[in-house]
Protein chains: 2
Amino acid sequence: MDQYFDRAMPGPETQLLFDEAKRLGIGFCLGYAELVEEEGRLRRFNTSILIDRAGTLVGKYRKIHLPGHAEYEPQRSHQHLEKRYFEVGNTGFQVWEAFGGTVGMAICNDRRWVETYRVMGLQNVELIMIGYNTPVSDSLSGETETLRMFHNHLTMQAGAYQNSTWVVGVAKAGVEDGHRLMGGSVIVAPTGEIVAAAETEGDELIVADCDLDRCKYYKSHIFNFAAHRRPEFYGRITEQKGVTKGP
Amino acid sequence: MDQYFDRAMPGPETQLLFDEAKRLGIGFCLGYAELVEEEGRLRRFNTSILIDRAGTLVGKYRKIHLPGHAEYEPQRSHQHLEKRYFEVGNTGFQVWEAFGGTVGMAICNDRRWVETYRVMGLQNVELIMIGYNTPVSDSLSGETETLRMFHNHLTMQAGAYQNSTWVVGVAKAGVEDGHRLMGGSVIVAPTGEIVAAAETEGDELIVADCDLDRCKYYKSHIFNFAAHRRPEFYGRITEQKGVTKGP
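Residues numbered from 1 in each chain as written. Chains lettered and ligands numbered in written order. Predicted model: local features only at pLDDT ≥ 70, side-chain atom pairs only at ≥ 80, totals over all residues. Heavy atoms only, no water.

### Section: the sheet that holds strand β10 (residues 186-188) of chain A
Residue and element names in this part refer to chain A. Judged by pairing direction, the sheet is mixed, and its six strands sit side by side in the order β4-β5-β6-β7-β10-β11 without closing on themselves. Strands at the two margins of the open sheet, each flanked by one partner only, are β4 (95-98) and β11 (194-197). Ignoring which end each strand starts from, the neighbouring axes of this sheet average 20° apart. Here strand β6 (residues 127-132) runs beside strand β7 (residues 166-171); their pairing, made up of six bridges, is parallel. Bridge pairing in β7 links I130 to G169. Relative to the sheet, helix α3 (residues 114-121) contacts β4, β5 (101-107), β6 and β7, its axis offset from that of β5 by approximately 160°. (Pairing = 2+ DSSP bridges. Helix = DSSP H or I, 4+ residues; strand = E, 2+ residues; numbered from the N terminus. Axes fitted to C-alpha atoms, helices over the stretch in contact; angles between N-to-C directions. Contact = heavy atoms within 4.5 Å.)

Right, here's the structure in full:
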């Protein structure tokens, strides 16, 4: 058992990152594989933490929407074993007051699920930070790289607009175990428009001035939830998990 | 009180449409302002009905997400008084077996709300028909026409992909009370891709071969709800209507 994961953040390997960020007054979001003793046993989560400009740990999120499968599937060009190696996160979709606004986190496959954004939207989220690590191809679907990038951006842009929040999607790029990762990092405004985007599959820094006041217009008009939502007709969303055709 | 709205469909004004569609073996979806006596009083709903190829009325939907406001607002270039003239629909988001698959309906502003698509997605919807009537401008927001068309398509494309369903969005185009309507009718595949689109603001017929089997792949993989959804963390979606920051 690698004791590295069991240490609280920052551990010795990440202390330098925390120190340098604090020296520069830069907050950040960091994803990692978390090994923790909880409820009397060792547990593994796919985790992100949020650190403010002063170097203080503000929030922790454990990934809820684990994709893929739990057993080896030989027909795949690469395995997708998140359901084998991680437990479903137990933190829920929380938000935190930081960076002068209300901030939330999600991880990778969470970005494809409307509930991710909505649960945070209902807590007035203004900036959602999402790390992801997605290969350019899916050997089962035969999707083109272009279609997969379209889905990557479509879900984050819709999540931003429909909840009137900034969304920052940060990709791992490059090659992992011989498989190219899609990259495609973006900063999305509350209008759903991409205001900054990575252009290559290499290392890049992208920057945007995220005015959180830009969240206000849609939150108080077209997406004024208190005025327009009708939860009395949304029961299936929480009452059932999979598809049920009956009443 | 105009008795027209109080008659069951088809009324004398629409009988010709029903007859001609039946003669040609074409099913259709029809939106109208419904005036009905229910619960001992006259009620107004924004309604759509679904008619199959044999001319049989298959389903009725009454609009749930009424946008706008209930009182005159002089600062607007045009009024948006749906909350004044209609009641919130009481049918819920149902689906019907028709056209060889599972079909749902939504109306106009419903298309911007993730819950619309998800509640039908949880009933295995394969084709959602949406009529809308949206002006090119919003005098309060100052949005460009391009941004408003982007939102129109973004929400339908995301709803299609995230629920692996066809979405058919049919716009009223042309000029109404001196205000141009945006048009932009589209047929969206379960991949979220637009496969047919109107090109003008005039009358047009757009056509696509909607193979409902194309819904199957995502429904059984990336959007296999039974495998991947986590309703235990979605509670806010049905427990609260507006924004609440606390737990």
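Here the narrative resumes, following the displayed structure.
### Digging into the relation of the copies chain A and chain B
Superposing chain A onto chain B takes a rotation of 180° combined with a translation of 0.0 Å along the rotation axis, leaving an RMSD of 0.0 Å. The two molecules are tied by a two-fold rotation axis, judged by turn and shift. Most of the interface of chain A is mirrored in chain B: 100% of its interface residues are interface residues there too. (Least-squares fit on C-alpha atoms with pLDDT ≥ 70 in both.)

### Some remarks on the interface of chain A and chain B
Listed per partner, the contact involves 64 residues of chain A and 64 residues of chain B. Together chain A and chain B conceal approximately 6100 Å² of surface at their shared face, both sides included; 63% is due to carbon and sulfur atoms. On the chain A side of the contact with chain B, W113, F233 and K241 of chain A bury the most area, a combined 12% of that side's loss. Our count for the chain A to chain B interface comes out at four salt bridges. Summed over the shared surface of chain A and chain B, the result is 37 residue pairs in polar contact (both at pLDDT 80 or more). For the side of chain A that touches chain B, the elements supplying multiple residues, two or more each, are α3, α4 (145-163), α5 (216-220), α6 (225-228) and α7 (235-239) of chain A. Among the elements that make up the side of chain A that touches chain B, the one with the highest residue count is α4 of chain A (nine residues). Taken together, the residues that form the side of chain A that touches chain B break down as 27 nonpolar, 24 polar and 13 charged. (Buried area = accessible area lost by both parts, 1.4 Å probe. Salt bridge = Lys/Arg side-chain N within 4 Å of Asp/Glu carboxyl O. Polar contact = N/O pair within 3.5 Å; in protein donor to acceptor, adjacent residues only side chain to side chain. Nonpolar A, V, L, I, M, F, W, Y, C, P; charged D, E, K, R; others polar.)

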